[in-house]
Amino acid sequence: MRIGELAQRCGISTRMLRYYEQQGLLADRRDSLGYRRYHESDARLVQEILALQRIGFTLAEARPFVECLRSGHDSGDACPASLEVYQRKLAALDTGIARLTAARDQVRGQLAAALARRTAALAEPCCEFSAAEPAVPVRAERSSAAEGAVAIRAGESSAAEQTVPSREGQS
C-alpha cells in the first residue's frame, strides 16, 4: 500500500509516517518509481506505536515493542526488552504519582490553614471599630482650606449625604 493509504487506515498524517521512518520505526521501502510502499505488517507496527503513545510512551520507549513485532512475535510485549520498558515506565509512573500525591496533600493542608485563618478573621474585628458597634454615618464635604481636598466628618447624616460633591466649574 502507498503512504496515503496507510496514513488514512491508521488515522495519522503522511508526515507522521515519514517521521517514523526517520526514527527507524518503519522501513523505508520504495517501488521502482520511488513511491513509498508499505506492507500489512507496517500497519500493525503503526497501531502498536499509536497505542503506546496514547498511554504516555515516547517513540524511544516504543522501539523495543516495534522490534519485537518485526522479529515475528504476535505481540509487541512478548520480548524481554519490552517487558523492561514496561517495568521502567511503571516505576516512573509510581514516582510521579507519589510526587503528585505529596503535592496534593501540601495544597490540601495550605487550603485548610487558609480557610481556618479566614474563619478566625471573620469572627474577630479587623480594626479598632467592633462589628457590634453601630456604624456612624459619614458625610464628605469639600474643604475650603485646600482646593480639591475632601474633609470627612462623623455625624448623623442620611445616605444621600455620604457622596462627595462634584467639582463644578473645574476641568
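Now for a description of the structure that goes with this document. (Residues numbered from 1 in each chain as written. Predicted model: local features only at pLDDT ≥ 70, side-chain atom pairs only at ≥ 80, totals over all residues. Heavy atoms only, no water.)

Broken down by element type, the protein chain carries five helices and two strands. Starting at the N terminus and walking to the C terminus, you meet the elements of the protein chain as α-α-α-α-α-β-β. Evaluated residue by residue, the protein chain yields a buried proportion of 22% over its 171 residues. Taking all contacts inside the protein chain whose residues are at least 6 apart in sequence as the whole, residues at least 24 apart take part in 38%. (Helix = DSSP H or I, 4+ residues; strand = E, 2+ residues; numbered from the N terminus. Buried < 20%, exposed > 50% of the residue type's maximum accessible area, 1.4 Å probe, protein only. Contact = heavy atoms within 4.5 Å.)

Once that is clear, we can look at the side chain of Asp42. With respect to the helices, strands and loops of the structure, Asp42 is situated in helix H3 (residues 40-54). In this structure the side chain of Asp42 is engaged in a polar contact, spanning 2.9 Å, whose partner is the backbone nitrogen of His39. (Polar contact = N/O pair within 3.5 Å; in protein donor to acceptor, adjacent residues only side chain to side chain.)

Take the state of the cysteines next. For the coordinates displayed, the defined rule picks out one disulfide. Paired by a disulfide, Cys68 and Cys79 hold their sulfur atoms 2.2 Å apart. Here the disulfide of Cys68 and Cys79 is right-handed, its torsion about the S-S bond being about 85 degrees. In this pair, Cys68 sits in helix H4 (residues 59-70) while Cys79 sits in the loop between H4 and helix H5 (80-123), placing the two residues 11 residues apart along the sequence. For the residue pair Cys68 and Cys79, the accessibility class agrees, reading buried in each case. (Disulfide = S-S within 2.5 Å.)

Another aspect to go through is H4. The end-to-end C-alpha distance of H4 is 16 Å, a good match for the 16 Å that 12 residues give at a rise of 1.5 Å each. For H4, every residue scored as buried is listed here: Leu59, Ala62, Pro64, Phe65, Val66, Cys68 and Leu69. Phi turns positive, to about 105 degrees, at Gly72, one or two residues after H4. (Expected span 1.5 Å × (residues − 1).)

Moving on, we get to the nonpolar core. Generally speaking, nonpolar side chains in soluble globular proteins are found buried as a group. Core analysis: the largest hydrophobic core is formed by 19 residues, its most contacted members being Leu6, Leu17, Tyr20 and Val46. Contributions of two or more residues to this core are made by helix H1 (3-10), helix H2 (14-22), H3 and H4. The element that contributes the greatest number of residues to this core is H3, accounting for five residues. Within the second largest apolar cluster, five residues are counted, among which are Leu52, Ala62, Phe65 and Val85. (Core = buried A, V, L, I, M, F, W, Y, C linked by side-chain atoms within 4.5 Å.)

Counting through the fold element by element, Glu48 comes out in helix H3. Taking relative accessible area as the criterion, Glu48 reaches 10% and is therefore assigned buried. If sequence neighbours within four positions are ignored, Glu48 has contacts with Phe65, Leu69 and Gly76.

Turning our eyes to something else, we now look at H1. Every α-helical turn comprises 3.6 residues, leaving residues that sit three or four positions apart pointing alike. What H1 keeps buried is the set Ile3, Leu6, Ala7 and Cys10. Projected down its long axis, H1 carries its buried residues within an arc of 100 degrees, all on one side. Of the surrounding elements, those touching the buried residues of H1 are H2 and H3. (Arc of directions from axis to C-beta.)

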